[in-house]
Amino acid sequence: MCLKMIKELPFLYKLLLFLWHKFHNGKKVKFWYSTHISYRCQFEGMNMVGQHTNFFGTLGYGSYIGGGGLVSAEVGRFTSIGPNCRYINGTHAYKAPFAATSPLFFSKRPGCNPQGKTFAKEQMVEEFLFYDKGKELVNKIGNDCWIGANVTLIGGVVVNDGAVVLTNAVVVKDVPPYAIVGGIPAKVIGYRYDEETIHFLLGTQWWNNTSEWFEKNWRLLNDLEALKKHFNKK
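Residues numbered from 1 in each chain as written. Predicted model: local features only at pLDDT ≥ 70, side-chain atom pairs only at ≥ 80, totals over all residues. Heavy atoms only, no water.

1. Concerning helix α2 (residues 195-204)
(1) Moving on: All of the buried residues in α2 are Thr 197, Ile 198, Phe 200, Leu 201 and Thr 204. Take α2 and look down its axis: the buried residues cluster within an arc of 160°, on one side only. When the buried face of α2 is taken as reference, the exposed residues oriented beyond 90 degrees from it are Glu 195, Glu 196, His 199 and Gly 203.
(2) Moving on: If you follow the buried residues of α2, they end up packed against β17 (187-191) and α4 (224-232).
(3) Moving on: Capping the start of α2 is the job of one residue whose side-chain oxygen sits 3.1 Å from the backbone nitrogen of Glu 196: Asp 194.
(4) Moving on: Phi turns positive, to about 45°, at Gln 205, one or two residues after α2. (Buried < 20%, exposed > 50% of the residue type's maximum accessible area, 1.4 Å probe, protein only. Helix = DSSP H or I, 4+ residues; strand = E, 2+ residues; numbered from the N terminus. Arc of directions from axis to C-beta. Contact = heavy atoms within 4.5 Å. Polar contact = N/O pair within 3.5 Å; in protein donor to acceptor, adjacent residues only side chain to side chain.)

2. Section: the pattern of salt bridges
(1) Moving on: This structure, assessed with the given rule, holds 6 salt bridges.
(2) Moving on: Between Arg 192 and Asp 144 there is a salt bridge, with its nearest N and O atoms 3.1 Å apart. Here the residue Arg 192 occupies a position in the loop between β17 and α2, and Asp 144 occupies one in the loop between β10 (139-141) and β11 (146-147), the gap between them amounting to 48 residues.
(3) Moving on: For Arg 192, a relative accessible area of 27% puts it in the partly exposed group.
(4) Moving on: For Asp 144, a relative accessible area of 17% translates into the label buried.
(5) Moving on: Where Lys 228 meets Glu 225, a salt bridge forms, and the shortest distance between an N and an O atom there is 3.7 Å. With Lys 228 and Glu 225 both in helix α4, this residue pair falls 3 residues apart, about one helical turn.
(6) Moving on: For Lys 228, a relative accessible area of 18% puts it in the buried group.
(7) Moving on: You can call Glu 225 partly exposed: its relative accessible area is 47%. (Salt bridge = Lys/Arg side-chain N within 4 Å of Asp/Glu carboxyl O.)

Here it is, written out as structure tokens:
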């Protein structure tokens, strides 16, 4: 293969991937040429993945991801992920029993060394954290979540249904349903509703209704008491 063809491969791959998604998912998701979406991504519809965002995973109905992000997740329905949200799933040995921080002693991956060498004869640590290792998904984000701008999710973290993660937070552990978390590391600073209302919303799972139901009943999602009356009549 000539040098010119080798240099053009990344461009050709990106173009083909862009066209492939336009054909297969163009009616389900809005995205740009600068957006990088894995060919294994799945979209339920009414989705958007912003410019310069790298996304790998599944996006539920009505959910979107802002620009400049790095997201690997199973995302539920009607979830809003702000710009510049990213994950970190690499780990590093730095406490006992380890005496050194260099991966040359605990990792068999030659990529840790520019010369492709390592002293380790066996893998001593789990270097990457996943929510679903088999599917290579780093995180899980539930339904009706709001993830603010510049949020970092540590590998394996689950953001449960209805949760809110405030801007610039670094989330190091699972977020309870309908919790509001913020800070570095992120901590629960409150809940969106009282315990009874949270139990009601988790029980109804309103996000699993059909698009026809939302067309007819969209006002209910702007009036919590009306939503309660609607479901309590059944």
